[in-house]
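# Observations on the three-dimensional arrangement
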Amino acid sequence: MAVDPQLEKSWLEALRNEFDQPYFEKLKSFLLGEKKSQLVYPPGPKIFEALNATPLNEVKVVILGQDPYHGPDQANGLCFSVNPGIKFPPSLNNIFKELNADINMDKPSTGDLSNWAQQGVLLLNSVLTVRAHQAASHKNQGWEKFTDAVIQKVSESQDNVVFLLWGNYAKNKVKHIDLSRHHILQSAHPSPLSAHNGFFGNRHFSKTNDLLISFNKTPIKWDAIA
């Protein structure tokens, strides 16, 4: 896999050194090998969609996921998001339940969250690819180091970003965030296995907007999905 030549320019400039690192060369070799014998999600042009959809200087909120959905036509490069017309996965369904409880948002007709990305919400998975039907199959191949660098660039270059860290996987990224410059909201993951242990009722969406307003930033229109 070559680095997408269409990678958004602010991210390409910020991450240029990562693409020459030995770990990234190993990652590319791994992905090339995978694609020879396996179906890999998301499609190649969508691997860096989180970065392409939200330029570095526009990031106001970061939501961290684990790895892409591994079912057919689900993954579109934005964490928790699915393509239009695709049934909502359980975690996304729970996100919409919390949005309803928090800001009285009606359940949308689509699970495509690209409008959030266009408003400055970086929808970043820790691992950017996955083998079809095998969750976490591309874990520990180098993507985590790359997305650590993404988080660090946001932390270093922006101020007053709100990081939503749901579940232990996301909370592991805290060490790359300057807590004196940014605000973190943590809870359980929206997965059905853990949502009742603190995701439901976290009110992270209204709390995020309250913080953004206090920073003199435009709040997110969470209901602007369909």
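Since the structure is predicted, the reported quantities are computational estimates derived from the model, not experimental observations.

Before going further, it helps to spend a moment on the layout of surface pockets. When its volume is computed, the largest pocket comes out at roughly 500 Å³. Around the largest pocket sit 28 residues that line it, and Q66, D67, P68, Y69 and S91 are the ones nearest its centre.

It is worth spelling out empty space enclosed by the protein at this point. Inspection of the entire model under this criterion finds one cavity of 30 Å³ or more. As a volume, the largest cavity reaches approximately 40 Å³. In terms of lining, the largest cavity is formed by P42, I47, A50, P68, G77, L123, N125, V127 and L128. Across the lining of the largest cavity, the residue classes break down as seven nonpolar, two polar and no charged.

What follows is about the pattern of salt bridges. A complete count under the given rule lists seven salt bridges for this structure. Here R131 and E34 are joined by a salt bridge, their closest N and O atoms 2.7 Å apart. Of this pair, R131 sits in strand β4 (residues 130–131) while E34 sits in helix α2 (residues 22–37); the two residues are 97 residues apart in sequence, bridging distant segments of the chain. Among the residues examined, E34 registers a relative accessible area of 7% and is labelled buried. Note that K46 and E49 form a salt bridge whose closest N and O atoms lie 3.8 Å from each other.

What follows is about the packing of helix α4 (residues 90–103) against helix α8 (residues 204–214). Packing of α4 against α8 brings their axes to within 8 Å, and their N-to-C directions diverge by 60 degrees. On the basis of the axis angle, α4 is oblique to α8. Residues I95, E98, L99, D102 and I103 of α4 touch α8, and the partners they reach there are H204, F205 and S206. Grouping the constituent residues of the contact of α4 with α8 by class yields four nonpolar, two polar and two charged.

Attention now goes to the side chain of H189. Take H189: it is sitting in the loop between β6 (183–187) and α8. Judged by relative accessible area, H189 falls into the buried class, the value being 13%. Ignoring sequence-local partners within four residues, the contact set of H189 consists of Q66, F80, S91, W166, G167, S194, A195 and F199.

For α4, spanning 14 residues, the distance from its first C-alpha to its last is 20 Å, which sits close to the expected 20 Å at 1.5 Å a residue. Among the residues of α4, S91, L92, N94, I95, F96, E98, L99 and D102 are the ones counted as buried. Next to the buried residues of α4 lie α5 (114–118), β5 (162–166) and α8. Directly after α4, the chain includes N104, whose backbone phi takes a positive value near 60 degrees.

Applying the stated criterion across every chain, the model contains 17 aromatic pairs. Plain terms: the ring middles of F24 and W143 are 6.1 Å apart, the flat faces sit at 85 degrees to each other, and that makes the pair edge-to-face. With F24 in helix α2 and W143 in helix α6 (residues 143–157), the pair connects residues that are 119 residues apart, well separated along the chain. With respect to class, F24 is no different from W143; both count as buried. Consider the rings of W143 and F146, whose centres lie 5.8 Å apart with planes at 70 degrees: the pair is edge-to-face. Placement of both W143 and F146 in helix α6 is noted, with a separation of three residues, approximately one turn of the helix. Take W143 and F146: they sit in the same class, and that class is buried. Each member of the aromatic cluster is reached from another via a ring pair, and the members are F80, W116, W166, F199, F200, F205 and W222. Its guanidinium or amino end placed over the ring of Y23, K145 lies 5.5 Å from that ring's centre, counting from NZ or CZ.

Nonpolar side chains in soluble globular proteins tend to end up buried together. Grouped together as the largest cluster of nonpolar side chains are 64 residues, with contacts concentrated most on W11, I63, W116, L122, W143 and F146. A per-element tally of this core places α6 first, with six residues. Ignoring any residue separated from it by four or fewer positions in sequence, one finds L122 in contact with W11, A50, L51, T54, V59, V61, V62, I63, V150 and V154.

Bringing unusual backbone geometry into the picture now. Following Y41, the chain continues to P42 via a peptide bond in cis, the omega torsion being -10 degrees. Within the secondary structure, P42 is located in the loop between β1 (40–41) and α3 (49–53). The residue N104 is not glycine, and still its phi comes out positive at about 60 degrees. Within the secondary structure, N104 sits in the loop between α4 and α5. One non-glycine residue, N160, lies in the positive phi region at around 55 degrees. Locating N160 in the fold gives a position in the loop between α6 and β5. Relative accessible area serves as the criterion here: at 28%, N160 is assigned to the partly exposed category.

Procedures and definitions
- Residues numbered from 1 in each chain as written.
- Predicted model: local features only at pLDDT ≥ 70, side-chain atom pairs only at ≥ 80, totals over all residues.
- Heavy atoms only, no water.
- 1 Å grid on protein atoms, 1.4 Å probe; cavity = no way out; pocket = protein on both sides within 12 Å on 5 of 7 lines; lining within 4 Å.
- Points joined across faces, edges and corners; volume = space filled by probe spheres on them.
- Nonpolar A, V, L, I, M, F, W, Y, C, P; charged D, E, K, R; others polar.
- Salt bridge = Lys/Arg side-chain N within 4 Å of Asp/Glu carboxyl O.
- Helix = DSSP H or I, 4+ residues; strand = E, 2+ residues; numbered from the N terminus.
- Buried < 20%, exposed > 50% of the residue type's maximum accessible area, 1.4 Å probe, protein only.
- Axes fitted to C-alpha atoms, helices over the stretch in contact; angles between N-to-C directions.
- Parallel < 35°, antiparallel > 145°, perpendicular 65-115°, else oblique.
- Contact = heavy atoms within 4.5 Å.
- Expected span 1.5 Å × (residues − 1).
- Phe/Tyr/Trp six-rings, centres within 6.5 Å; stacked < 30°, edge-to-face > 60°.
- Lys NZ or Arg CZ within 6 Å of the ring centre and 35° of its normal.
- Core = buried A, V, L, I, M, F, W, Y, C linked by side-chain atoms within 4.5 Å.

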